[in-house]
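Chain residues, written in single-letter form:
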Amino acid sequence: MAIFAVVLAFKNNDRRLDVRPAHREYLTSLHAAGKLVSSGPWTDDTGALLLYNVADEAEVREILANDPYTSEDVYDIVDLREWRPLFPFQGGPSAS
């Protein structure tokens, strides 16, 4: 397994906010399945960071293709790359 970091830039904000509940439900299912390590928007709500635990880049791209945000064209991928953490992720503050 590998950790992939995905950085998104949001666009089409009104449409994005309409589909956000479905997007977050999808992320919840990925987290429960062990595919999503962590995710969340930047504090200025211009984009987000997502960390996926997947077999390879093809799997993360498939996950992104099935995200409700993708079909609604509400983000651009700024960066997508494999990440090798030096320390285990131990959580952090969460936002509502």
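Residues numbered from 1 in each chain as written. Predicted model: local features only at pLDDT ≥ 70, side-chain atom pairs only at ≥ 80, totals over all residues. Heavy atoms only, no water.

Before going further, it helps to spend a moment on unusual backbone geometry. Although it is not a glycine, D45 sits at a positive phi angle of roughly 60°. What makes D45 partly exposed here is its relative accessible area of 31%. Phi is positive for D73, which is not a glycine, with a value near 55°. (Buried < 20%, exposed > 50% of the residue type's maximum accessible area, 1.4 Å probe, protein only.)

Going through the model one piece at a time under the given rule, you end up with one aromatic pair. Positioned above the aromatic ring of F10, the side-chain terminus of R16 is 4.0 Å from the ring centre. (Phe/Tyr/Trp six-rings, centres within 6.5 Å; stacked < 30°, edge-to-face > 60°. Lys NZ or Arg CZ within 6 Å of the ring centre and 35° of its normal.)

Further remarks concern the nonpolar core. Core analysis: the biggest nonpolar cluster contains 21 residues, and V6, L30, L50, Y52, V60 and Y75 have the highest contact counts within it. Counting residues per element, this core draws most heavily on strand 1 (residues 2-10), which supplies five residues. L30 has contacts with K35, L36, Y52 and I63, leaving out every residue within four places of it along the chain. (Core = buried A, V, L, I, M, F, W, Y, C linked by side-chain atoms within 4.5 Å. Helix = DSSP H or I, 4+ residues; strand = E, 2+ residues; numbered from the N terminus. Contact = heavy atoms within 4.5 Å.)

Our focus in this paragraph is the environment of S38. Structurally, S38 is set in strand 2 (residues 36-41). Take S38: its relative accessible area is 24%, and that puts it in the partly exposed class. Between the C-alpha atom of S38 and that of P68, which follows or precedes it by 30 residues, the distance is 18 Å.

The next subject is the pairing of strand 1. Counting buried residues in strand 1 gives seven out of nine residues, a clear majority hidden from the surface. Pairing analysis gives eight bridges linking strand 1 to strand 3 (residues 47-54), with the strands arranged antiparallel. Considered in strand 3, the bridge of L8 is made with A48. The pairing of strand 1 with strand 4 (residues 75-83) spans eight bridges and is classified as antiparallel. In the sheet register, F10 faces strand 4, and the bridge partner there is Y75. (Pairing = 2+ DSSP bridges.)

This paragraph deals with helix 1 (residues 13-32). Here helix 1 contains 20 residues, and its C-alpha end-to-end distance of 27 Å stays within 8% of the 28 Å for a straight helix at 1.5 Å per residue. The sharpest bend along helix 1 measures roughly 50° and falls at V19, with the proline P21 sitting one to four residues further on. Within helix 1 the residues assigned to the buried category are R16, V19, H23, Y26, L27 and L30. Residues of helix 1 that are buried make contact with strand 1, strand 2, strand 3, helix 2 (57-65) and helix 3 (68-71). (Expected span 1.5 Å × (residues − 1). Bend = angle between axes of the 7 residues up to and from the residue.)

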